[in-house]
Structure formats: structure tokens, C-alpha cells
Amino acid sequence: MLTEEELNEIREEVKMYPIPSAACISALKIVQEHRKWVSDDAIKDIAEELGMSNEEVDGVATFYSRIYRKPVGDNVILICDGISCMIMGYESIYEQVKEKLGIGFGETTADNRFTLLPISCLGDCDHAPSMMVNNDHYNELTKEKVMDILSKYK
Amino acid sequence: MEKPLTEYITPGSPPLSLNEYRKAGGYKGVDKALKTMAPAEVTEMIKTSNLMGRGGAGFLTGLKWSFVPMDEKDKPKYLICNADEMEPGTFKDRYLLEGNPHQLIAGMIVAAYAIQAETAYIFLRWAYKKAEKTIQKAISEAYKAGYLGKNILNTGFNLDIHLHTSAGRYICGEESALTNSLEGKRAIPRAKPPFPAISGLFGRPTVVNNVETLSWIAHITNKGTEWFKNLSISGTGGTKLYGVSGRVKNPGLWELPLGTTIREILDVHAGGMAEGYKFRGLLPGGASTDFLIEDHLDVQMDFKTVAAVGSRMGTGTMIILDDKTCPVAFVRNLENFFALESCGWCTPCREGLPWIEKILGAIEEGRGKMEYLDTLKFQTKYLAPGHTFCAHAPGAAEPLQSGLKYFYDDFVRHINEHKCPWR
Ligand SMILES: Cc1cc2nc3c(=O)[nH]c(=O)nc-3n(C[C@H](O)[C@H](O)[C@H](O)COP(=O)(O)O)c2cc1C
Ligand code: SF4
């Protein structure tokens, strides 16, 4: 079941559009904001709220890379592997994180603290290499800097 | 030198509030258009100004607006601001959104008035968290000041602007895919025709313009077309936000007259190559543009001049290839991106791009054969315009075909030496 809060937020978004189903992506984002990821049950609930079929909502959910259909850790690290970050050496940043956390792209640490994902370009290209942790951007990364940053996330 | 788009942007400081921007004259173009000009006059003025779209394709903005049907029965109509900016190596719209959202809103009000749209959306890239806040704040200030909502400035014109934050996928930036995404669907491009001006969002007449394009509109209605034309060196009109990323001394973004040479941008503004790195080539305007090399440094960065040497100005944000970066790895990185971001509708794009990426991977890792180079060339033929529904595939072909042309010897070296000479 969607919570009261989720429903209110979704209904606020629906007002922006002439048809409720247009708020589908926003609804998925809202649910994910509250629960970290979007489960099968959440898909059904959103479908019902917006008058769509489950398959339609799932089709949308699986299309967009920033909607997670599997559980993720408490914090999501997105390391940019875009071209500017490649030139500026994202690989050494990735190697460092991989070594320290013991996980590669697409994996979550055993304590569920971090999920590590690649991302193609964050629009911080003049300050590459870059990454995001949850909603925060970090630029001009070095091997030392990256571990300091991660220590801030519990 | 005038820098109208960035004049009021101070990196690190919050953007001007509506009152501050209005005091600086920023909303004059809105007052003038809504109070003294008919919608068709605004469109005509933008047409005369020769403003070319800054989203990458350089389409004439006034011309695009002139395709919108203008009868009362054609309402509702929509204006969409494309703030998706997911082209790798591109970071110019972010600067405008974070730095001066009122400039964009002022432009959107005039643009919506010109096409008589009463609802507008800003489609924002998911990663731009700071811009999300600055835009939201600016929109609510504009409602309070009576620049948005019903009966704007007592002219009878109504406009609502909504902010939509995206959920990822590069293809959302393609205007018809963006339209599907705003309708809550998978972001698959639509077959054209019909063009959005006739049937776009929710099947209604729609104009999609880039952030940088729309940021110009109220300046032009305020200061006129001659002023705008005189800002450029090449006569095309306006300034341009040019950016540089890669191994240069001073990567960044600068507002310069349209038509500034690549050499000036690289050497004067970006400070030349970083210590210990040599220049080998560049993509002039994002991942989906053809490589240029040393021979092209004196080319002016403008739509026509860059096209004349076989590439595109694209977004105007350059990515530099240096001598310590492997060109094969560079192209492979791009093709991996394009393969992942293909929406999957057309065969050459869905099947061709992963194939290309695999071949490039094999070459980079020393498992390549000479005949692979022919396969790559053959693939670029099917990615070319006319074989697919949208420009994603042709865009993907650009760095590959020009990479093969200018760095052919480097591809061959990988094959002959059975390894990457850069590793
Ligand atoms: C794959 C692809 C991605 C695109 N991404 C963007 C984008 O992020 N931002 C943008 O303004 N235009 C993008 N475009 C171009 C748009 O389709 C459209 O031409 C542009 O928004 C029109 O605005 P303009 O006329 O003001 O340039 C993209 C095109 C393609 C084919
Ligand atoms: S060219 Fe690629 S991205 Fe564009 S519609 Fe076809 S499959 Fe989709």
C-alpha cells in the first residue's frame, strides 16, 4: 500500500498534467525516494492510483536507469565513466572504491551500506573525475579524496 | 565584449532573485513583448534575429515557431524547455539553470506568448539537484510577481510553468522521446511527420527548445535583432557558451561571440594543453560529433563553419583527446555509452551499437583482426541518417567514422601489436 504521504505527493504531481498516467515517472520517483527502490507491490499500487496496467507501469520503470527495481544499499554511489571522466582517470577512482568496499559495479556491500553503480556523465565534465553519492555531487576526485567522502556516509 | 547570457551569473553565489533581475532590466523583454507586440510579431522578430537552436542541431528558432498553428481552436498548445543535457562532455545548460533561472523563465514567457501556449514544462536532467532548487524557487517568485499564472501583466495572457525532473536515459533529450517521457511513457522517439509543431505533447501543437536558446528570447525582444546579430563574429547572431573538458590547463565554460575560433577557445580560454600532454584531436560539441584535428584549429566555432570541415558544432562543449589517452579506448567509451542508451526501436542502433562496442573492445584488448575495421565501416553506413527513427544512431556513428579516419594507424597498431600501446 502507498502511504498517505506518498499518495499526497503523487496527487500533487498529477495536477501538473492533463491525464493522471503522465505522472507515472514522478510517482515512481516519489516511491523510490521513500523506500530506496520500487518493488512489484509498489508497481501495482502506482498502476491502480494512476489508472494504468501493472505492465505499463513496469515497462516505464524498467526503461529509466534511475529507477531501481531491485533493492539497493543505504547509500548509492554513482561513479561517472563518461568520456571526460575517462580521460581524467576515473578508472583509478573505481579501482580504489572497489578495493576498499570489496564490491564492483552493480553490487551492494554485505552490510548494505553502499551500492556501487556506473553513470555516464554527470555534467561536471570541467571538474572531472566526478561521482555522486545519493544526491550529492563530488568533483576533481583523487584516490585520497574519494575515501574521505565515503566515510561521511553511514 | 558583451556577455548577455552570463552577465549576472557569479559562480558560487545564489542566482539573482526576480526583483534583482527585474531591476537589472531582465524582464523588460517580457513587458515589451506582452504589452506592445502581437504574438506573430514576436515570432517574426525571432525569425529575423536568425537565432539558431542551441540544443545541438542549430535549427532556426523563429522558423520552428512559425509552424505552430495559431487559430483559437488549436489550443491547448505546449512549450517545452529541454534541460535534459545528457550529452557526454556537455555542461553548459547547468551553468545557466543554476546561475540565472529568471533569464530562462523570462524567455519562456515570451516564447509561450509567441506560440500562444498556456502550459509549459521544463524537462530537467535528474542529476541537476541544485538547478532543481533554483528553478523551483524562481518559478514561485514569478507566480508571486504576476509573471506566471492568470492574466499576466493584465494582458489577458495565461501561463503555467511546471518543472519535471527526469529519471535518466540520454534518449530523453531527443525531443519526441522527451515528449513521450513527459506523458509518463517510455522515452521512445516518435516517427516524424507529424512534427511536434502540429502534434506533440498529448497530441497538441508543441515547441521544444533548449535552455540556452530560450534564455535568449527576452534579450532579443528587449534589445532588438541588430543588437543580437552584432554579438557574433560570424554574423549568425549571438554569443555561445563554449566549454572545454579533458587534459587542458583550465577546463571550463566561457561565453564568447559565436564564431570564435577553436584555437582561441583552446589556447586563450582553456589555457592550452596541461603540462606533459599533447593535443591530438577534439570532439567540437559533445560525444555525438565528428573528431577534428590540428588542421582544423583555426576553424570558427559556428554551425556552418564546423559543418564545412565535416563535423558539427553540436552543443559547443569540446572534449579534447590528448596523446596519453588511447583513441581506440576513447571511441570505445563513447560507443559503449551509445549502445547502453539506445532506446531499442531500430535494428541498426539496437543491434549495431553493441556489436561495434564488442569489436572495439576486442581491438583495444589486442584481440583485433584487420577485417574488423571493415566491419566497423560497414556498421557506420547503417547508422547513417535515414536508416533509423532518430538522430541517436547517426550521432553514434560520428566519432567512430571520424576516429577511423584520423586515427587509423592507431587502430592498426593495436591489431598488429596484439595489445593496446597505451597500456
Ligand atoms: C539522442 C539525442 C539527444 C538529445 N539531447 C538533447 C539534450 O539533452 N538537450 C537539448 O536541448 N537537445 C537535445 N537533443 C536535440 C533535441 O532533439 C532538439 O533538437 C532540441 O532540444 C531543440 O532545441 P533547439 O531548437 O533550441 O536547439 C537531442 C537529440 C538527440 C537525437
Ligand atoms: S536510432 Fe536508436 S535511439 Fe533513436 S529511435 Fe532508433 S533505436 Fe531508438
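(A) Here's a closer look at the overall build of chain B. Counting secondary structure elements, chain B contains 18 helices and 9 strands. Against the globule reference of 22 Å for 423 residues, chain B gives a C-alpha radius of gyration of 22 Å, in line with a compact fold. For chain B, the spread of C-alpha atoms along the principal axes amounts to about 75 × 45 × 35 Å. Classification of the 423 residues of chain B by burial places 64% in the buried group. If you take every contact in chain B between residues at least 6 apart in sequence, the share linking residues at least 24 apart comes to 71%. Total accessible area on chain B stands at roughly 15,500 Å², and carbon and sulfur atoms take up 53% of it. Counting 49 positive and 46 negative side-chain charges, chain B places the averaged centre of each group 3 Å from the other.

(B) Just the packing of aromatic side chains, in detail. Following the criterion strictly, the structure yields 20 aromatic pairs over all chains and no others. Ring geometry for A:Tyr94 versus A:Phe105: centroids 3.9 Å apart, planes at 5 degrees, classification stacked. Taken as a pair, A:Tyr94 in helix 6 (residues 90-101) and A:Phe105 in the loop between helix 6 and strand 2 (107-108) lie far apart in primary sequence, 11 residues in all. Residue A:Phe105 is classed as partly exposed on the basis of its relative accessible area of 24%. The structure contains a cluster of three or more aromatic residues connected by ring pairs, namely A:Tyr17, B:Tyr78, B:Tyr121 and B:Phe202. The ring of B:Tyr277 carries the charged tip of B:Lys324 above its face, separated from the ring centre by 5.0 Å. In this arrangement the basic side chain of B:Arg413 is found over the ring face of B:Trp422, its NZ or CZ atom lying 5.9 Å from the centre.

(C) View of empty space enclosed by the protein. Residues and elements named next belong to chain A. Following the criterion strictly, the structure yields 2 cavities of 30 Å³ or more and no others. Along the lines of polarity and charge, the residues of the lining of the largest cavity split into 9 nonpolar, 4 polar and no charged. Here the second largest cavity defines a volume of roughly 40 Å³. Taken together, Cys 80, Gly 82, Ile 83, Ser 84, Cys 85, Cys 121, Leu 122, Gly 123, Asp 124, Cys 125 and Ser 130 make up the full set of residues lining the second largest cavity. When residues of the lining of the second largest cavity are assigned to their parent elements, the largest contribution, 3 residues, is made by helix 5 (residues 83-87).

(D) Quick peek at the pairing of strand 3 (residues 114-119) of chain A. Residues and elements named next belong to chain A. Of all 6 residues making up strand 3, 5 are buried, and the element is well covered by its neighbours. Inspection of the sheet shows strand 1 (residues 75-80) paired to strand 3 by 6 bridges, in the parallel sense. Of the residues in strand 3, the one forming a bridge with Leu 78 is Leu 117. Pairing geometry for strand 2 and strand 3, over 2 bridges, is antiparallel. Its bridge partner being in strand 3, Glu 107 is matched across the sheet by Leu 116. As consecutive antiparallel partners, strand 2 and strand 3 are separated by 5 residues, and within that stretch Asn 112 has a phi angle of approximately 70 degrees, a positive value.

(E) Broad picture of the layout of surface pockets. By volume, the second largest pocket amounts to about 1,200 Å³. In this structure, the second largest pocket is lined by 33 residues; those nearest its centre are A:Lys29, A:Glu33, B:Lys129, B:Glu132 and B:Thr165. Counting residues per element, the ones that place at least two in the lining of the second largest pocket are helix 1 (4-14), helix 2 (24-35) and strand 1 of chain A together with helix 7 (129-144) and strand 4 (157-165) of chain B. In terms of residue class, the lining of the second largest pocket is built from 12 nonpolar, 9 polar and 12 charged.

(F) Fine view of the sheet that holds strand 3 of chain A. Residue and element names in this part refer to chain A. The sheet built from 5 strands is open, its strands ordered 2-3-1-4-5 with mixed pairing. Among the strands making up the open sheet, the edge pair consists of strand 2 and strand 5 (136-138). Note: strand 4 (residues 131-133) against strand 5, 3 bridges, orientation antiparallel. Within the sheet, the bridge partner assigned to Val 133 lies in strand 5 and is Asp 136. Across the face of the sheet, helix 6 comes into contact with strand 1 and strand 3 while running at roughly 150 degrees to strand 1.

(G) Seen up close, the interface of chain B and chain A. On the chain A side, the residues contacting the 50 residues of chain B number 40 residues. Of the roughly 3,500 Å² buried at the junction of chain B and chain A (both faces included), carbon and sulfur atoms supply 59%. Area buried by chain B at its contact with chain A is led by B:Trp126, B:Ala167 and B:Arg186, which between them contribute 17% of it. In this assembly, chain B and chain A are joined by 3 salt bridges. A salt bridge links B:Arg94 to A:Asp126; its shortest N-O distance comes to 3.9 Å. For the pair chain B and chain A, the number of links is 19 residue pairs in polar contact (both at pLDDT 80 or more). Sorting the residues of the side of chain B that touches chain A by element identifies strand 4, helix 8 (175-182), strand 6 (239-245), strand 9 (317-322) and helix 13 (327-341) of chain B as the ones contributing at least two each. In terms of residue count, the dominant contributor to the side of chain B that touches chain A is helix 13 of chain B (6 residues).

(H) Inspection of the site of ligand 2 at higher detail. All names here are of chain B. Near ligand 2 you find 13 residues, and of these Cys 343, Trp 345, Cys 346, Cys 349 and Cys 390 are the closest. Under a 2 Å grid-point criterion requiring more than half of the atoms, the pocket assigned to ligand 2 is the largest cavity. Partitioned by chemical class, the residues of the shell around ligand 2 number 9 nonpolar, 4 polar and no charged.

Cut-offs applied
- Counting restarts for each chain: residues are numbered from 1 in the order of the written sequence.
- Working convention: letters from A go to chains and numbers from 1 go to ligands, in the order in which they are written.
- For this predicted model, a pLDDT threshold of at least 70 governs which residues receive local features, and a threshold of 80 or more governs which side-chain atom pairs are given and counted, while totals over whole chains, interfaces and linings are taken from all residues.
- Remark: hydrogens and water are excluded; side-chain values derive from all non-hydrogen atoms of the structure.
- By definition, any uninterrupted DSSP run of H or I lasting at least four residues is a helix, any uninterrupted run of E lasting at least two residues is a strand, and each is numbered from the N terminus.
- In this description the radius of gyration comes from C-alpha coordinates, and the expected globular size is given by 2.2 Å times residues to the power 0.38.
- Summary of the burial criterion: residues with accessible area below 20% of their type's maximum are buried, those above 50% are exposed, and those between are partly exposed, where the area comes from a 1.4 Å probe applied to protein chains only.
- We call two residues contacting when some pair of their heavy atoms lies within 4.5 Å.
- All accessibility values rest on the Shrake-Rupley procedure with a 1.4 Å probe; residue burial counts only the protein chains present in the view.
- His is not counted here, nor are the chain ends, while Lys and Arg score as positive and Asp and Glu score as negative.
- The atom standing in for a charge is NZ when the residue is Lys, CZ when it is Arg, CG when it is Asp and CD when it is Glu.
- Under the pairing criterion, centres of Phe, Tyr and Trp rings, with the six-membered ring standing for Trp, must be within 6.5 Å; the plane angle then separates stacked pairs below 30 degrees from edge-to-face pairs above 60, leaving the rest tilted.
- Note on criteria: charge over ring means Lys NZ or Arg CZ within 6 Å of the ring centre, with the direction from the centre no more than 35 degrees off the ring normal.
- Here the term cavity refers to a set of points on a 1 Å grid, laid over the protein atoms alone, in which a 1.4 Å probe fits but cannot get out; the term pocket refers to an open set having protein on both sides within 12 Å along at least five of seven lines, with lining residues being those that place an atom within 4 Å of a point.
- Grid points are joined across faces, edges and corners, and a volume is the space filled by probe spheres set on the points.
- Each residue gets one of three labels, nonpolar for Ala, Val, Leu, Ile, Met, Phe, Trp, Tyr, Cys and Pro, charged for Asp, Glu, Lys and Arg, and polar for the others, Gly among them.
- A pair of strands is labelled paired if DSSP reports no fewer than 2 bridges between them.
- Axis definition: a line fitted to C-alpha atoms, limited for helices to the stretch in contact. Angles are taken between N-to-C directions and run from 0 to 180 degrees.
- By definition, the buried area sums, over both parts, the 1.4 Å-probe accessible area that each loses when the two are put together.
- For this analysis, a salt bridge means a side-chain nitrogen from Lys or Arg found within 4 Å of a carboxyl oxygen belonging to Asp or Glu.
- Between N or O atoms, a polar contact is any pair within 3.5 Å; within protein, one atom must be a potential hydrogen donor and the other a potential acceptor, and residues adjacent in sequence are included only when both atoms are from side chains.
- Nearness is judged by heavy atoms alone; a residue qualifies as near a molecule or strand once a single heavy atom is within 4 Å of it.
- Think of it this way: a molecule belongs to a cavity or pocket when more than half its atoms come within 2 Å of the grid points there.

Limitation: the analysis is restricted to geometry and does not speak to function.
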